[in-house]
Amino acid sequence: LSQGGANLLEDPALIEMLAGTKEAARTVRDKLKLASEAEARIDATCSDYRPVATRGTVLYFLVALLRRLNNMYDTSLAQFLAIFQGTLNNAGDGSGRAGGRVAVLVDSLTLDTFKEVRQGMFDRDRDVLLVLLAVRVQQDRGEVTAKQIACFIQGVAASGGDTKRPKPYRWIPDGVWIMVLQLQEAFPLLRDLPDSIQHFGDQWRSWFDSERPEAQKHPEIVSAHAEALPAFPHLLLIRSMRADRVVPATKAYIRLVLGESFLDVTPNSIEGALATATEKTPLVLILSAGSDPTETVLNLAKKLKREVLAVSLGKGQDAIARRTIDTGVSIGSWVLLQNAHLGLPFLTELEHSLLRMEAVEPAFRLWITAEAAADFPIGILQVAIKMTFEQPVGLKASLRKTFAAMPRDVFEAVNRSEWRSMLFSLSFLHALLVLRGKYGALGFSAQYDFSSVDFAVAARELQTQMERLDSKRTAKELSWDAVHYMIAKVHYGAAVASELDRKVLHALVEKYLTPHVLDSTFHFLPGFAMPSGDIHAYKAAIEQLQISDSPEVLGLAFNADFVSSLDQSDAFFEALSTLESNAAPAADTRDPAGYMARMLGEIRSKIPSGWTMSEVKNSIEKDGGTKRAVNIAFGHELARVHHINEALRKSLVNLQASLEGTMVPSEEMTEALQRLAQRRVPEQWLKGSWPAESVGGWLDHLVATEDQLRKWLDRGRPVSYWLSGFLNPAGFLKCVLQEVSRKHSNAPLEDLFFNTEMIKMDYNDLKGPAENGAFLHGLFLDGCSWSKSAGKLIESPSKVVTNAMPVVFLGVVLKNNKRYDFPVVEVPMFTRRTRDHSSMVVNLELRTEQEDILSNKWTLRGAAILCSKDW
C-alpha cells in the first residue's frame, strides 16, 4: 500500500495480491472447519472407547495391589501394557453384539488380564482376586457403594455384642444378629431383614440350618421388592448369617457379575507358558508345600528334545550356577535353577545380568523354581512369566498323583502280593496326612510339607522290612513296632515338632500299617476294599473311588467341614482387608478425620484406670507376700497389663496428634490408623497382648482382664479364675503347683499332677477358693463337647465351633495318688485355636469311653481345650 500510487484501484498488482489474500483466508477458514469436525469425530470416538480405558485403569490398580498378598505376585506396568496390547490385537470386532467392539474389548481385557495373572497365584488367593474384581466392576457401574463394600469386608465391627434391638430367637448367634442390624443400616433393600427374621423365624431357621443356604431361596424380605436379592446384597446376606458358606457363595456372584469363563479351573500349563516365553524371559515356577514341578519340566524337555542343565541353588552353588547359565546362553539349552529361594543373593546378581545379556541363542530358556520369598528380586518378577504349583487337593487326587509318579520297579520291588497291599496302604496314609492339613488346627497344629519325597523314603523303609522276611514267613510277622517307629517317628515324624501332632501321626500309622490291612475283609472306606492285580488295576481302582473328602475319613468329626469353612472364610476376608487396607470404614465417612477422632476418644474412654504400685504391694502382702507362689504370678500379670495400658494411652495420644497435624505420622502410626479405620487392631497393640479380630473385641478383653485383676486387688483371691484373663496361664498353673508343693514339705514338682474334676454348679455359686488347687471357668472345648448329664466327652453339635466347658477343678495330687475310677483321655489346653507351641498351657485328663481310647478317637478328632473361643 505504501508503494502504491494515488489511486489504489488502478494498481493491478495490489488488487491481485488482495484477492490472493482473501482466497487464502477462505482456504484457512475451510481447513479450520474441517479440523474442528475431525476433532469432534476423534473426541466422539475417544468417548466411545473410554470404557476400555476405564476398565484398564481398574484392572491395573487392582493387579498392582496383589503384591500386598504375596511379593511373588508383583506385576509391572510393562507386563500389563503387553496384556492390553495383546487384547487390542486379538479381540474380535464385536459385530452383531450390543456395544460392538468396545464391549468386546472391555470383556476380553478383563478376562485376558485375569488369566495372565491367575496362573501366577495360589488357589487360595484367586477367589480373593475375582471377588474384588467383581466388586470393583460393580462399583464402577454405580451398583454398589464404598460403604457397602466396607460392610462386606469388615463384617462385625461392634464391640461387646450390645445391640439396639435384642435378637428374637436363641438360635441366632450374637455376631450374626449384629451383622443383620448393620445390613439394615447399610442396604435399603435389607432394611426389613430384622422384621422378616422375627416374623418368619421357623423359615429363617430352616434356611440357616441348610447345608447350602446360598443355593436356597431365602424367606420373604418386604423391602427387597423381589423374590430374590440382587447379587451383592445376597452375598452380604450369606456373609452375615452363614459366614462358612461365603467362599462357595462367591462362585454364583462371580458368575453373575463377570461370567462363567472366570470360573474355569483349567490347571496351569507349562507348555502354554513356554509358548509365550523368549530367550530373555525367565519362567518362574512358584512352589507350595509338597509340590515340585522339576519332573514336569524335564518331561517337557524330553518331549521337545531339549537339553536341560539343572543346578540346585544354595551355599557354594553360585559359581556353578553362573557357569551353567553362561553355557546355556551360548549353546541354546535350557537352564533349570532349583530351590532359588535358597540362593537369593545370586538371583540379585542374575537380575542385573539379564538386562546386560546381548548375544543369546534363541533356543535358550531360563527356568527358576522357588518358594515365595519376601526378598525375591523384583526385577526378575517384573519380566518373568510366573506360574504356581500346588499339591493336588483331595484323597482321590493325591492317590492318583502318587501312583502316576510311581515307577513300575518300585511297585514290583518285592515279589510278594502283600507288598503291593502295604504300598497302597502307605499311599492312602500319605494322602490322609496331606488332606488333614486342609482342616487347620483340627488336622494338625502346624502346616507340614508332606511331599512325594517323604512317601518315597517311607516306601523304601517298608520295602527293607519286607525283604528281611524269608519266604516261609508271612507279612503279618513283620516287625510292626519297627515299621511304626521308623515311619511315624523318623521319616514322616522328623519334621513334626508338636507332641499332639506326633500322637495324631502315630495313631494314623497304627491304623493303616497293621496286619489287618492284609485281611481280605479290610476296607479303607465303605465300599472301597484293598485293590489287587498289577499297577494298572490299582490305578483303575483309584479312578473308581467315588467319595467326597469327608472329614470322617480322616478321623475328624463331621463338624470339621464347618470349622474348616469358617477358617477359610476368615482367611478370605483377611486377604480382602489386606488388599483394601485404605478402604473407608463402614460408618459415615463424610468426615474421615472426625470419625477417627471420635473412635480414638471412644477407645480412650474405655481404658480402665489401672492401679498404683502401693495398691499392688499392700494386696500381695495382705495375702502372705511373695512366699506364696500364686502371688508372684499375680504380680507379673499386674505388671504386664499395666504396661499394655500405658503403651495404649501413649499410642492414642500420638495418633490424636497426627490427626490434628501437630505430629508427623510415622509409618507405624499410619498403619495403625488404617487398621483402626477398618476396626482392626493395630499391630503395635497386639505385641505383648492377645490376638483379636476387631478393636471392640480386643478392648472388651482388656476391660474383662483388668476387672478380674482389680477384684483380686480389692477383695483377695478369686474363688474361680478366668484363665483367658492371664497373659501367662501356664506360668500361673505352675505357681499353683508350686504353692501346693510348699504346703506339703516341698514335694518335688515332678511328683505333683493335676487331677481334673468337672463341677456341675456355676462358678458364682462356689463357696470359696480351692484349698489344694484352683477352680477355672470360661474354658472351651474344640473338636468335641461335654455332656453334663453323662459327665464325659461327646461329639460336638452341628455348626458349633467351640463348646463351653463346666467349671473345672484342678486338684493338685501326688503322682502315686492320681487315680480315676473311669477311663480318661489326655486333652491338651491352648490359649488360642492356632495351637502353636507358645500357646500350650497344660494337659488335662477328661472322662471318655474305653473304646474311644482304644480307637484314638479324640486324638484323631483334634480334641483340645481353649482358653478363649475368639482367638
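Residues numbered from 1 in each chain as written. Predicted model: local features only at pLDDT ≥ 70, side-chain atom pairs only at ≥ 80, totals over all residues. Heavy atoms only, no water.

**Comments concerning empty space enclosed by the protein**
Next, step 1: Here the structure, examined in full by the defined rule, presents 2 cavities of 30 Å³ or more.
Next, step 2: As a volume, the largest cavity reaches approximately 70 Å³.
Next, step 3: Lining the largest cavity, in full, are L442, L556, A557, N559, A560, V563, D782, G783, S796, V800, V801 and R861.
Next, step 4: As a volume, the second largest cavity reaches approximately 50 Å³.
Next, step 5: Taken together, L59, L62, V63, T110, T113, F114, V117, L129 and L133 form the lining of the second largest cavity. (1 Å grid on protein atoms, 1.4 Å probe; cavity = no way out; pocket = protein on both sides within 12 Å on 5 of 7 lines; lining within 4 Å. Points joined across faces, edges and corners; volume = space filled by probe spheres on them.)

**Remarks on the packing of aromatic side chains**
Next, step 1: For the coordinates displayed, the defined rule picks out 39 aromatic pairs.
Next, step 2: Ring centres 5.4 Å apart and planes at 50° place the aromatic pair Y60 and F80 in the tilted group. Taken as a pair, Y60 in helix α1 (residues 12-65) and F80 in helix α2 (residues 77-90) lie far apart in primary sequence, 20 residues in all.
Next, step 3: Plain terms: the ring middles of F403 and F411 are 6.4 Å apart, the flat faces sit at 70° to each other, and that makes the pair edge-to-face. Judged on exposure class, the residue F403 and its partner F411 are both buried.
Next, step 4: Linked through ring pairs, F403, F411, F424, F428, Y512, F522, F524, F528 and Y538 together constitute an aromatic cluster.
Next, step 5: The side chain of R239 reaches across the aromatic face of F573, ending 3.7 Å from its centre. (Phe/Tyr/Trp six-rings, centres within 6.5 Å; stacked < 30°, edge-to-face > 60°. Helix = DSSP H or I, 4+ residues; strand = E, 2+ residues; numbered from the N terminus. Buried < 20%, exposed > 50% of the residue type's maximum accessible area, 1.4 Å probe, protein only. Lys NZ or Arg CZ within 6 Å of the ring centre and 35° of its normal.)

**Here we look at the confidence of the model for the chain**
Next, step 1: Chain-level pLDDT for the chain is 87 on average; 94% of the residues reach the 70-or-more range.
Next, step 2: Of all the helices and strands in the chain, helix α6 (residues 174-186) carries the lowest mean pLDDT, 83, while strand β8 (residues 720-722) carries the highest, 95.
Next, step 3: Counting contacts from residues 158-162, a segment whose pLDDT is below 50, to residues more than four positions away or on other chains yields 7 contacts. (pLDDT = per-residue confidence, 0-100. Contact = heavy atoms within 4.5 Å.)

**A short note on the sheet that holds strand β16 (residues 824-830)**
Next, step 1: One open sheet holds the 5 strands; their spatial order is β14-β11-β18-β16-β17, and the pairing between them is mixed. Edge positions in the sheet fall to β14 (802-804) and β17 (840-847), since each has one partner strand and no second. If you compare each strand with its neighbour and ignore which way they point, the axes differ by 35° on average.
Next, step 2: Looking at chain direction, strand β11 (residues 780-782) and strand β18 (residues 864-866) are connected through 3 bridges and run antiparallel. Looking at β18, one finds that F780 is bridged to L866. (Pairing = 2+ DSSP bridges. Axes fitted to C-alpha atoms, helices over the stretch in contact; angles between N-to-C directions.)

**Focus on the pattern of salt bridges**
Next, step 1: Here the structure, examined in full by the defined rule, presents 39 salt bridges.
Next, step 2: Overlapping salt bridges bring together D567, D782, R833 and R835 as one network. (Salt bridge = Lys/Arg side-chain N within 4 Å of Asp/Glu carboxyl O.)

**Description of the nonpolar core**
Next, step 1: In terms of nonpolar packing, the biggest core is built from 92 residues, with F152, L337, I368 and F376 touching the most fellow members.
Next, step 2: Sorting elements by how many residues they give to this core places helix α4 (residues 123-141) first, with 9 residues.
Next, step 3: Other than its neighbours up to four places away in sequence, F152 contacts V131, F232, L235, L236, R239, F572, F573 and L576.
Next, step 4: Counting residues in each nonpolar core, the second largest holds 70 residues, with M599, L600, V641 and L699 among its members. (Core = buried A, V, L, I, M, F, W, Y, C linked by side-chain atoms within 4.5 Å.)

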